[in-house]
Amino acid sequence: MKKYLIPLAIVSVVACNAPKPAPAIPTDPAVEAKVESVLAGMTLEEKAGQLVQLNISTLEDATHEAIDPLKLDLIIGQYKVGSILNVMHDAAHTREQTAAMVRQIQEKSMEAIGIPCIYGLDMIHGASYLVEGTLYPQEINIGATFKRDFARMMGHAMAYETRAAQVPWVFSPVMDLGRDPRWPRIWESFGEDPFLQAEMAREETLALQGADPNHIDLEHVAVSLKHFMGYGVPHTGKDRTPAYIAENDLREKYFAPFLECFRAGALTAMVNSASINGVPTHANAILLSGWVKEQLNWDGLLVTDWADIDNLYVRDHVAADKKEAVALGINAGIDMIMDPYDPECCTAIIELVKEGKISQARLDDAVRRVLRLKVRLGLFENPTWEHEYPMFASAAYAHESYDMALESEVLLKNDGILPLAEHKKIFVTGPNANSLRALNGGWSYTWQGSADAFVPQYNTIVEALKARFPHVTYEAGVVYNETPMAWQYEDASGIAKAVSAARGADVIIACVGENSYCETPGNMDDLNLSANQKQLVKELAKTGKPIVLVLNEGRPRLIGDIEPLAAAVVDVMLPSNFGGDALAALLSGDENFSGKLPFTYSKHINALHTYDYKVSEHRETMEGSYNYDAVMDVQWPFGFGLSYTEYAYSNIRVSQAEFKAGDVIKVSVDVTNVGKRAGLESVLLFSSDLVASLIPDVKRLRGFEKIALQPGETHTVTFELPASALAFVGADGRWRLEAGDFRLSCGGQGALVKCTETKVWDTPNI
Ligand code: BGC
């Protein structure tokens, strides 16, 4: 055994001086009694099996469409594996097929072990692994709506439709802050800001799980917050590679959304596949056992990500072999290992317990957490269930999805060409113009996304435009290679044909961006929009026809050199199956734009910023002989988005000019629609700490509300801002609200407030 196995394992008991806080999830004596009675009767083999989750492929027969009874005997009967994940043949199935498969597993599990199996699926933007399930815009789009109701609605429908297929656990919501646009998963989260992410994810969590985490009913599911934590900012921008994050940033920004959701009752979390500051997260006892289980007194379950115990030795070289890796992970606080192909993982656990390398206490604690989850989900009484799901795949859910697409697409530039007049001859081009796959992104029917193959009935952008406008022509110009992992490859041989077709039009709608991808296959080396697509736009511009640039992409690909060629720019991101229809309604002016960017749209490859940069990152030229300047120059800032009307902000006021940590400051502002069209406006409240003991962020989002305004109408928005929300985490890892001045700002209006007393506290006590 390697020497370092011991010290890492020892820190799994992290000293915490603060008194034990109230349990993050309220303890229910009946739940605990059931857990204890099951645990008392379990053998070591049964316990080990409960800690292992395998991929469904370990049960599939040769057709990859059905379960092989012999494999079921082996995996469930002999190894006593407690959990299965994923879809057969790596593709969505119908609700009935999925339900039948789960029933078969459950029958075996109850007969062989007397403990139900727990099935988990990657439902990411709706029931993304059910053929008829409702898909919603991806989280990044929901972030752009700045509307909490939408996160709630998506969560509710996702839970309902997933349960309808006999599945009680989803690996959602995604919690990774999209703070590095190079990373291929930023579209899976609600954006770059911790507060926006926390608010949306909390609503989604509550909607997914329902009101009582101890008794999840037949229309709700358990969540798995993922990926705990700091996964979204790899140093290289490449998925599953190391991140380096200062501890104060880790607590203040990356942990905050998780904290919000743990406190809202989240029952499980999935661990960051990579590492932070050199420690693989799956071996990080301080974070897993310390920050979450002990400091929050959280009795939920931590599941690994895909094969990440193996990664401790295969990739990260912090363990010599599988057994060391299993011990390292479980001793750090892992409760369930998503192996995903090797049932021998169970044998490794058994041996480690017998050898004393995993203590009986740690084993039982992990098993309790698995059993507790199953009891809370009601799986012991109802391993499978009879329940009516009349809303499954309903028109009402489809309508919600459309509304979300409508409110998420962001108008970034408009020289007056939009809305498009009815009679215009519209030429549509670009690789994203005729693709449902691109509108949906990854986690859509398949891992890498392949919506066209499953739901051809929905409208692509060009189909939606043809349905709305009388004169629409189309020529792709550039096309994607549609092979799943080859999303970056394009064929640009059609550019000349497209340019010649554009000459006869009044306006060009160029739909560019990315094809769908997911996780590591989405890695790339250049954030610029592809050279082919830029070339297409540049050639089109030479026709002299006005260009409406439509960006359909999972991350903000750089377009600094072609943006000046466009008369208008719309970023639709990944709006899903109704995204084309929503875009047609917005471009025609039937509807008004109201989306705002939930991330910073960078302009230069060497200047990738977030909006909450440190004040000293932007410097004017210094007087004298040295030019020490540093300029923040982004394409569009966080929170930016235009509409067909205009809003004027006035009369910002605060309930108190001075405050202390326990106060709640009321901040009001009047917002008037001074244009000619009705609209929806997301009102964003920011704060700036003017002097602090660590260099302060230039500003931070502290509140948001979306309001509807008729032309001429004024609405007063009042935010209730807990003063404690203005605190930051100091170099010692403690929260600090420091005496001094703060500026609160909203829509260009600002008010100064003063904190009169410094207060310092630890996370669990806020
Ligand atoms: C991803 C997770 C996902 C898991 C199971 C991993 O590769 O990182 O987000 O939940 O696979 O499919």
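No experiment lies behind these values; they were computed from the predicted model shown.

Topic: the sheet that holds strand β6 (residues 268-271)
Read across the sheet, three strands follow the order β5-β6-β9 without closing on themselves; strand pairing throughout is parallel. The open sheet has two edge strands with one neighbour each: β5 (224-228) and β9 (301-303). Direction aside, neighbouring strands of the sheet carry axes that sit 25 degrees apart on average. Pairing between β5 and β6: four bridges, direction parallel. From the neighbouring strand, F228 faces β6, where its bridge partner is V271. Helix-sheet contacts for helix α9 (residues 247-263) involve β5 and β6, and the interaxial angle to β5 is about 160 degrees.

Some words on the sheet that holds strand β26 (residues 714-722)
Pairing within the open sheet is antiparallel, and its three strands lie in the order β21-β23-β26. Both outer strands of the open sheet, β21 (647-654) and β26, are each paired with one neighbouring strand and no more. This sheet shows a mean twist of 20 degrees between the axes of neighbouring strands, independent of strand direction. With six bridges connecting them, β21 and strand β23 (residues 664-673) associate as antiparallel partners. Each bridged residue has a counterpart across the sheet, and for Y649 the counterpart in β23 is V671.

Examining the packing of aromatic side chains
Here a ring pair, both rings aromatic, is described through the centre-centre distance and the interplanar angle of the planes. Under the criterion given, the structure shown has 25 aromatic pairs. Aromatic pair F195 and F704: ring centres 5.8 Å apart, planes at 75 degrees, arrangement edge-to-face. Taken together, the residues span a long stretch of sequence, with F195 in helix α8 (residues 194-209) and F704 in strand β25 (residues 700-709) at a distance of 509 residues. Residue F195 is classed as partly exposed on the basis of its relative accessible area, which comes to 23%. Taking the centre distance of 6.2 Å and the plane angle of 70 degrees together, the rings of F228 and F255 count as edge-to-face. Of this pair, F228 sits in strand β5 while F255 sits in helix α9, and the two are 27 residues apart along the sequence. For F255, a relative accessible area of 1% translates into the label buried. Through a chain of ring-to-ring contacts, three or more aromatic side chains come together here, namely F146, F195, Y611, F638, F686 and F704. A cation over a ring is seen here: R95 above F392, with NZ or CZ 4.8 Å from the ring centre. When the ring centre of F704 is taken as origin, the NZ or CZ atom of R148, which lies over that ring, is 3.8 Å away.

Considering the pattern of salt bridges
If you walk through the whole model with that rule in mind, you get 57 salt bridges. With its nearest N and O atoms 2.8 Å apart, the salt bridge here joins E514 to R555. Remark: R555 occurs in the loop between β17 (547-552) and β18 (568-571) and E514 occurs in the loop between β16 (507-513) and α20 (531-541); sequence separation between them is 41 residues. Per residue, the accessibility class of E514 equals that of R555, and both read buried. Within this structure, R148, D149, R152, E199, R202, E203, E260 and E705 form a network of salt bridges that share partners.

Topic: the packing of helix α15 (residues 395-408) against helix α21 (residues 579-588)
α21 packs onto α15 with a crossing angle of 50 degrees between their chain directions and a minimal axis gap of 8 Å. In this view, α15 runs oblique relative to α21, as classed from their interaxial angle. By crossing handedness, the relation of α15 to α21 is classed as right-handed. Judged by residue contacts, Y402, A405 and L406 of α15 engage G579, D581, A582, A585 and L586 from α21. Class assignment for the residues of the contact of α15 with α21 results in six nonpolar, one polar and one charged.

A look at the environment of A395
Its place among the elements puts A395 in helix α15. A residue is classified by how much of its surface remains accessible, and A395, at 64% relative accessible area, is exposed. As a C-alpha pair, A395 and T134 span 261 residues in sequence and 9.4 Å in three-dimensional space.

Some thoughts on the site of the ligand
Residues in contact with the ligand, as listed here, are L85, D122, F171, R185, K226, H227, R240, M270, D305, W306, M338 and E519. For the ligand, an oxygen atom lies 2.7 Å from a polar atom in the side chain of H227. Between the ligand and the protein, one listed contact pairs an oxygen atom with a side-chain N or O atom of E519 at 2.6 Å. Against a free-state accessible area of 310 Å², the protein chains account for coverage of 95% of the ligand. In terms of residue class, the shell around the ligand is built from five nonpolar, one polar and six charged.

Comments concerning the nonpolar core
For soluble globular proteins, nonpolar side chains are generally found buried alongside one another. Counting 178 residues, the largest nonpolar core has I105, F262, V326, I349 and L549 as its most contacted members. Per-element accounting of this core gives the leading share, eight residues, to helix α7 (residues 148-164). If sequence neighbours within four positions are ignored, I105 has contacts with I56, L59, I67, L72, I76, I84, C117 and Y119. With 41 residues, the next largest nonpolar core counts L436, V462, L465 and A567 among its residues.

A few points about α9
Of all the bends in α9, the largest measures some 60 degrees and sits at F255, one to four residues before the proline P257. For α9, the tally of buried residues reaches twelve of 17 residues, placing the bulk of the element in the interior. Of the residues one or two after α9, G265 is the one with positive phi, at around 100 degrees.

Re the packing of α8 against α9
Between α8 and α9, the shortest axis-to-axis distance is 8 Å and the interhelical angle comes to 20 degrees. Between α8 and α9, the crossing angle belongs to the class labelled roughly parallel. As α8 packs across α9, the resulting crossing turns out to be right-handed. Only K253, A256, P257, E260 and C261 of α9 make contact with α8, whose side of the interface consists of P194, Q197, A198, A201, R202 and T205. The class makeup of the residues in the contact of α8 with α9 is six nonpolar, two polar and three charged.

Here's the deal with the state of the cysteines
Applying the stated rule across the entire model yields zero disulfides. Left unpaired, C346 is separated from the closest cysteine sulfur, that of C345, by 6.2 Å. Residue class for C346 comes out buried when judged on its relative accessible area of 2%.

Thoughts on the pairing of strand β24 (residues 679-689)
Within β24, ten of the eleven residues are buried, which leaves it mostly tucked inside the rest of the structure. Bridge analysis of β24 against β25 gives nine bridges, and the strand direction is antiparallel. Paired with L680 across the strands is A708, a residue of β25. Bridge count between β24 and strand β29 (residues 740-746): five bridges; the pairing is antiparallel. Bridged to D689 within β29 is F742.

Thresholds applied
- Residues numbered from 1 in each chain as written.
- Predicted model: local features only at pLDDT ≥ 70, side-chain atom pairs only at ≥ 80, totals over all residues.
- Heavy atoms only, no water.
- Pairing = 2+ DSSP bridges.
- Helix = DSSP H or I, 4+ residues; strand = E, 2+ residues; numbered from the N terminus.
- Axes fitted to C-alpha atoms, helices over the stretch in contact; angles between N-to-C directions.
- Contact = heavy atoms within 4.5 Å.
- Phe/Tyr/Trp six-rings, centres within 6.5 Å; stacked < 30°, edge-to-face > 60°.
- Buried < 20%, exposed > 50% of the residue type's maximum accessible area, 1.4 Å probe, protein only.
- Lys NZ or Arg CZ within 6 Å of the ring centre and 35° of its normal.
- Salt bridge = Lys/Arg side-chain N within 4 Å of Asp/Glu carboxyl O.
- Parallel < 35°, antiparallel > 145°, perpendicular 65-115°, else oblique.
- Left-handed = near helix turned anticlockwise from the far one by under 90°.
- Nonpolar A, V, L, I, M, F, W, Y, C, P; charged D, E, K, R; others polar.
- Near = heavy atom within 4 Å.
- Polar contact = N/O pair within 3.5 Å; in protein donor to acceptor, adjacent residues only side chain to side chain.
- Areas by Shrake-Rupley, 256 points an atom, 1.4 Å probe, with all protein chains shown as cover.
- Core = buried A, V, L, I, M, F, W, Y, C linked by side-chain atoms within 4.5 Å.
- Bend = angle between axes of the 7 residues up to and from the residue.
- Disulfide = S-S within 2.5 Å.

These figures capture arrangement, not role.
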